[in-house]
Amino acid sequence: MFDICIVGCGIAGLNLARLLQDKMKVLLIDKRTVSVQKNMIEQGKLCGGLLAPDAQKEFAAQGLSIPVHVLVDPQIFAVDAIDLMTGVHAIYQRFYINVDRAKLDQWLYSLSSHRVELWENTLFQSYVKQKDHYKVTVRRNDKEEEFLCKILVGADGAMSRTARLSNSEKDRVPKYISVQGAFESDHRHFMYYSFFDRRLTDFYGWMIPKGDKMVIGFAASKERYQNDSFDTFVNRVTESGIKPGRKLNERSTLIARPGIGALPCGTAGDIPLIGEAGGFISTSSAEGISYAMKTSYNLHQAIMTDREHYLKLYEKSLGGLKRNIIGKVLKSKVYYTPWIRNVAMKSNVMAIKIKA
Ligand SMILES: Cc1cc2nc3c(=O)[nH]c(=O)nc-3n(C[C@H](O)[C@H](O)[C@H](O)COP(=O)(O)OP(=O)(O)OC[C@H]3O[C@@H](n4cnc5c(N)ncnc54)[C@H](O)[C@@H]3O)c2cc1C
């Protein structure tokens, strides 16, 4: 029997495994291959790979720094915010670390790989609570398998099956459809771009340079999203002056977007949820890496403090994070009101003036 089974090898699951590796017999499972991912353009969790200051701070707080081989050119000092409807734009100073998300996950896994057991290409299907343990069913190597564990953790991201199975009521954070394409790029951009276009979405889109390539992505609610939305978005990005080269691929996934009536939740039934599985992500920027790091740390602390009552302790520890997300929800009410954003951008307050 495993002491703990963590479903999902994203940032949250991998960080929890790292923190518990010396203390418990840990099993990590993931439906994808985490240990051998070439690069984020081809494989891995769909992500922009920008480490925001909150994430940088949390890495430091947990005694971690990012190795150079995880970084990708260029490092980002500025963002050009563009309203695709009005053409209004402004450039602001920003402090992002540009990483290859597939390599980030691989590196985080390497910090516990010699201690934890990893089952890749393994799809979590269901679980049954039995007295003081869980019987878990997975699909592994095309066969159904069952095993036992004392603690079961949902770290399976926005599409979380653990959350849906355990308590559909609590899986209530709305999900947006997010599409990201990789393109060749013969121009070396030094900034990243954020795009607003209320004809397509009440959220936003982005272009992030990745070495000699770029990723262009956007997110829209399920109600607003249409089959041609992404092509329309890329065309409008191109008209704004960005020139994507040959398209290499296009992938899509869901992304959680908490709201006031739909806040994150750290438990579903009798299992804990960490990271985006619990809906922990910024409503205003879609920054999720800091929340994945923080929730996994909080759960580790709760388990280490009291293995019987860890669920209650974990839920209690999330108060600050939930208040933080309420702040992001309120911020986005202002930020995503087009006329307010356009007035702010036109005013050029805090904006960088690019020198000729
Ligand atoms: C397009 C896009 C761009 C983004 N860009 C950024 C960014 O630049 N910076 C930032 O901070 N955040 C970004 N985010 C958000 C960020 O990626 C997530 O919030 C973060 O990855 C959440 O980490 P996690 O560990 O909770 O879940 P994830 O990283 O999503 O990991 C979940 C894991 O669970 C596995 N899994 C799911 N279901 C099952 C199952 N049934 N069985 C087995 N395994 C399963 C998945 O394969 C995956 O590996 C972006 C999100 C999207 C969609």
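Throughout what follows, the structure given in this document is the object of discussion. (Residues numbered from 1 in each chain as written. Predicted model: local features only at pLDDT ≥ 70, side-chain atom pairs only at ≥ 80, totals over all residues. Heavy atoms only, no water.)

Another aspect to go through is the pairing of strand β8 (residues 133-140). Of the strand pairs in this sheet, strand β7 (residues 122-130) and β8 are connected by 8 bridges, and their pairing is antiparallel. For S126, the partnering residue across the bridge sits in β8 and is T137. Between β7 and β8, which follow one another and run antiparallel, lie 2 residues, and K131 among them has a positive phi close to 45°. Hairpin connection, β8 to strand β9 (residues 143-154): the antiparallel pair is bridged by 2 residues, and N141 has positive phi, about 50°. (Pairing = 2+ DSSP bridges. Helix = DSSP H or I, 4+ residues; strand = E, 2+ residues; numbered from the N terminus.)

Throughout the structure, instances matching the rule amount to 2 cavities of 30 Å³ or more. One number sums up the size of the second largest cavity: a volume of about 40 Å³. Every residue along the wall of the second largest cavity is listed here: M40, I41, L46, Q180, G181, A182, V215, N249 and R251. Elements supplying a minimum of two residues to the lining of the second largest cavity: β10 (175-184) and β14 (247-256). The residue inventory of the lining of the second largest cavity, partitioned by class, reads 5 nonpolar, 3 polar and 1 charged. (1 Å grid on protein atoms, 1.4 Å probe; cavity = no way out; pocket = protein on both sides within 12 Å on 5 of 7 lines; lining within 4 Å. Points joined across faces, edges and corners; volume = space filled by probe spheres on them. Nonpolar A, V, L, I, M, F, W, Y, C, P; charged D, E, K, R; others polar.)

Moving on, we get to the packing of helix α6 (residues 289-305) against helix α8 (residues 319-335). Relative orientation of the contacting elements α6 and α8 amounts to 165°, with a least axis distance of 12 Å. When the interaxial angle is binned, α6 and α8 end up roughly antiparallel. Crossing hand, α6 versus α8: left-handed. Residues Y291, K294 and T295 of α6 form the contact with α8, whose participating residues are L321, N324, I325 and K328. Grouping the amino acids of the contact of α6 with α8 by side-chain chemistry returns 3 nonpolar, 2 polar and 2 charged. (Axes fitted to C-alpha atoms, helices over the stretch in contact; angles between N-to-C directions. Parallel < 35°, antiparallel > 145°, perpendicular 65-115°, else oblique. Left-handed = near helix turned anticlockwise from the far one by under 90°. Contact = heavy atoms within 4.5 Å.)

The next thing to look at is the side chain of R341. Mapped onto the secondary structure, R341 falls in helix α9 (residues 338-347). Not counting residues up to four positions away in its chain, the partners in contact with R341 are D83, F196, Y335 and Y336.

Taken in spatial order, the 8 strands of this open sheet run β3-β5-β4-β11-β12-β13-β10-β14, and their pairing is mixed. Each edge of the open sheet carries a strand with a single partner, namely β3 (50-51) and β14. The sheet contact formed by strand β4 (residues 76-83) and strand β5 (residues 89-98) spans 6 bridges and is antiparallel. The residue of β5 that forms the bridge with D80 is I91.

What follows deals with a nonpolar patch on the surface. Residues F190, I352 and I354 make up a contiguous nonpolar surface patch of roughly 280 Å² in combined accessible area. Structurally, the position occupied by I352 is in the segment after α9. (Patch = residues over 30% accessible without salt bridge, like charges linked within 9 Å, V, L, I, M, F, W, Y side chains within 5 Å. Areas by Shrake-Rupley, 256 points an atom, 1.4 Å probe, with all protein chains shown as cover. Salt bridge = Lys/Arg side-chain N within 4 Å of Asp/Glu carboxyl O.)

Taken together, 34 residues are adjacent to the ligand, and D30, R32, G48, R101 and E276 come closest. Between the ligand and A286, the relevant distance is 3.4 Å, taken from a nitrogen atom to a main-chain nitrogen or oxygen of the residue. Expressed as a share of its isolated accessible area of 1,000 Å², the protein-covered part of the ligand is 94%. Sort the elements by how many residues they give to the shell around the ligand and β7 lands first, with 3 residues. Split into classes, the residues belonging to the shell around the ligand amount to 15 nonpolar, 11 polar and 8 charged. (Near = heavy atom within 4 Å. Polar contact = N/O pair within 3.5 Å; in protein donor to acceptor, adjacent residues only side chain to side chain.)

With that out of the way, let us pick up helix α1 (residues 11-20). In an α-helix, one full turn covers 3.6 residues, which means residues spaced three or four apart are oriented alike. Within α1, 10 of the 10 residues are buried, leaving the element largely enclosed by the surrounding structure. Among the residues of α1, I11, A12, G13, L14, N15, L16, A17, R18, L19 and L20 are the ones counted as buried. Contacts made by the buried residues of α1 are with β1 (2-7), β2 (26-29), α3 (101-110), β9 and α6. (Buried < 20%, exposed > 50% of the residue type's maximum accessible area, 1.4 Å probe, protein only.)

Attention now moves to the packing of helix α2 (residues 53-61) against α6. Here α2 crosses α6 at 30°, and the two axes come no closer than 8 Å. Our classification of the angle between α2 and α6 gives roughly parallel. For α2 against α6, the interelement crossing comes out left-handed. Between α2, through D54, A55, E58 and F59, and α6, the contact on the second element is made entirely by I289, S290, M293 and K294. Each residue belonging to the contact of α2 with α6 can be placed in one class, and the counts come to 4 nonpolar, 1 polar and 3 charged.

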